[in-house]
Amino acid sequence: MDLNKKIVLPGEEIDINGFKQGNGLYFEDGKYYSYQLGLIQVYNNFVNIIPLSGKYFPSKNDKVIAKVIEIAPSFWVLDINSPYPAFLHVNDTPWKPSSGELAKILNVGDTVYAKVNEITESRQIWLSIKEPGLRKIEGGHIVTVQPSRVSRIIGKGGSMVNMIKESTGVKIQLGQNGVVWLDGEPEKVLEVIRILKFIEEESTASGLTDAVKSRLEKSR
Amino acid sequence: MGMQSDIKLIDENGLRIDGRKPDELRPIKIEVGVLNRADGSAYIEWGGNKILAAVYGPREAFPKHTQNPSRAIVNARYNMAAFSVDERKRPGPDRRAVEISKVISEALEASIFVEQFPRTSIDVYIEVLQADAGTRIAGLTAASVALADAGIPMKDLVVGCAAGKVDGKIVLDLNKEEDNYGEADLPLAIIPRTQEIVLMQMDGNMTREEVREAIEMAKKAALFISNLQKEALRAKYEKGEIQKTEENSNEGVNKGE
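Residues numbered from 1 in each chain as written. Chains lettered and ligands numbered in written order. Predicted model: local features only at pLDDT ≥ 70, side-chain atom pairs only at ≥ 80, totals over all residues. Heavy atoms only, no water.

A. Up close: the confidence of the model for chain B. All names here are of chain B. Scored by pLDDT, chain B has a mean of 90; 92% of the residues are at 70 or more. Every residue in residues 241-257 scores below 50 in pLDDT, and together they form 33 contacts with partners more than four places removed in sequence or on other chains. Confidence estimates for the predicted assembly give a pTM of 0.88 and an ipTM of 0.85. (pLDDT = per-residue confidence, 0-100. Contact = heavy atoms within 4.5 Å.)

Printed below as a string of structure tokens:
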């Protein structure tokens, strides 16, 4: 249907056409309106607005890249690029430090690849790194992209990100919060950053995978 | 307002000092996403006004005691550059700037879904680079575009326009001379979809009938400016769309997502 992929602005009336109200819409006087700038998408009979800009809002089980900003007696406070800080308790880590030694494991400024474990009613975000693949990040480069564009960078079943990895040989770790960790040869890393910016800007275009492919081939 | 002069603000043909008809707006140009470090930004040129608006947030509200556990606070700061007016303006917030910041914050808050972001603040910075009357409304118009650019949920884009009384006539969108030597100025901002008034002030004197006429005139103009805001936003975000439709025709499959 032609509702799909249309750009809407806040306050624009949306005829949801028998579908259900999803994210990004509000209901007033019998009509539905968009409350955010974004793309309309119909998914599982729900009409959603996919935001094109804005901050990251965590949801459970998201994998994020977080930076330690504060150390408390039994947990760390981390920045996940969202309006609210996130917390990581020692019990949710593979390490067992004796009290007061948290800084020896993760100090302020260190980065971890973590999972959103729980979001409490009062919007406290608790992370966990007790799962295979989750870890403290060492070395490499950190860049940030628009959180809503992360799914575009990953591509269907990881097609986009795998193509970039194979072509450049750079290790890439994407956080749902728009933070990206890159490790590899400096020139290649710079090339990947340029490609990420390109995907970010052109994320509403389709045929993007092919466009990126040709860029990658040119740079080789 | 109220200054005396012998300049004729409306000539014998009914045209104004800058050649406009009584219900004619000054030219307006809006640009979106002009600042890279802000979460959202906009630049507006409205007649002789040149104004930048930047939005940051929602982010954790500081100092902490200003946080509201049930909603976000909207902090707008209206600031005039020292070089924005003929005679150097003493920098920093003065009585006038504090007042304007407050009414703009409240006008924007009426449209933003503040309940969605408890304990945060949404900061809006409005910098007047060049002033030529009607800056609060021009700043507010740019600010709501910047809010949309920042992806902040809101009912609609707040938009406004001023109307006033000059040489005994009700006119739209006063310029500096008309503002200084005219009889009344009435800035007004609305939520265009519902036409709910979110900001209205008046300086000078008008009769009840004249106020009614001025409000109608400003509302009508605001709805026109609302379309300019939307066009500006679409111009930025629909860039990739043109390419998309071209490619879709021979491809038919959406990759990614």
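B. Up close: the environment of Tyr78 of chain B. All names here are of chain B. Positionally, Tyr78 belongs in strand β4 (residues 73-80). A relative accessible area of 3% places Tyr78 in the buried class. At a separation of 2.7 Å, a polar atom in the side chain of Tyr78 contacts the side chain of Thr135. (Helix = DSSP H or I, 4+ residues; strand = E, 2+ residues; numbered from the N terminus. Buried < 20%, exposed > 50% of the residue type's maximum accessible area, 1.4 Å probe, protein only. Polar contact = N/O pair within 3.5 Å; in protein donor to acceptor, adjacent residues only side chain to side chain.)

C. Geometry of the layout of surface pockets. One number sums up the size of the largest pocket: a volume of about 1400 Å³. Of the residues forming the lining of the largest pocket, the biggest block, 5 residues, is contributed by strand β3 (residues 49-60) of chain B. A per-class count over the lining of the largest pocket returns 15 nonpolar, 14 polar and 13 charged. Space inside the second largest pocket adds up to approximately 1000 Å³. Lining the second largest pocket are 32 residues, and of these Asn23, Ile49, Ile50, Pro51 and Phe57 of chain A lie nearest its centre. Where the lining of the second largest pocket is concerned, the elements lending two or more residues are β6 (38-43), β7 (46-51) and α2 (150-154) of chain A. Per-element accounting of the lining of the second largest pocket gives the leading share, 4 residues, to β7 of chain A. Class assignment of the residues belonging to the lining of the second largest pocket gives a composition of 15 nonpolar, 13 polar and 4 charged. (1 Å grid on protein atoms, 1.4 Å probe; cavity = no way out; pocket = protein on both sides within 12 Å on 5 of 7 lines; lining within 4 Å. Points joined across faces, edges and corners; volume = space filled by probe spheres on them. Nonpolar A, V, L, I, M, F, W, Y, C, P; charged D, E, K, R; others polar.)

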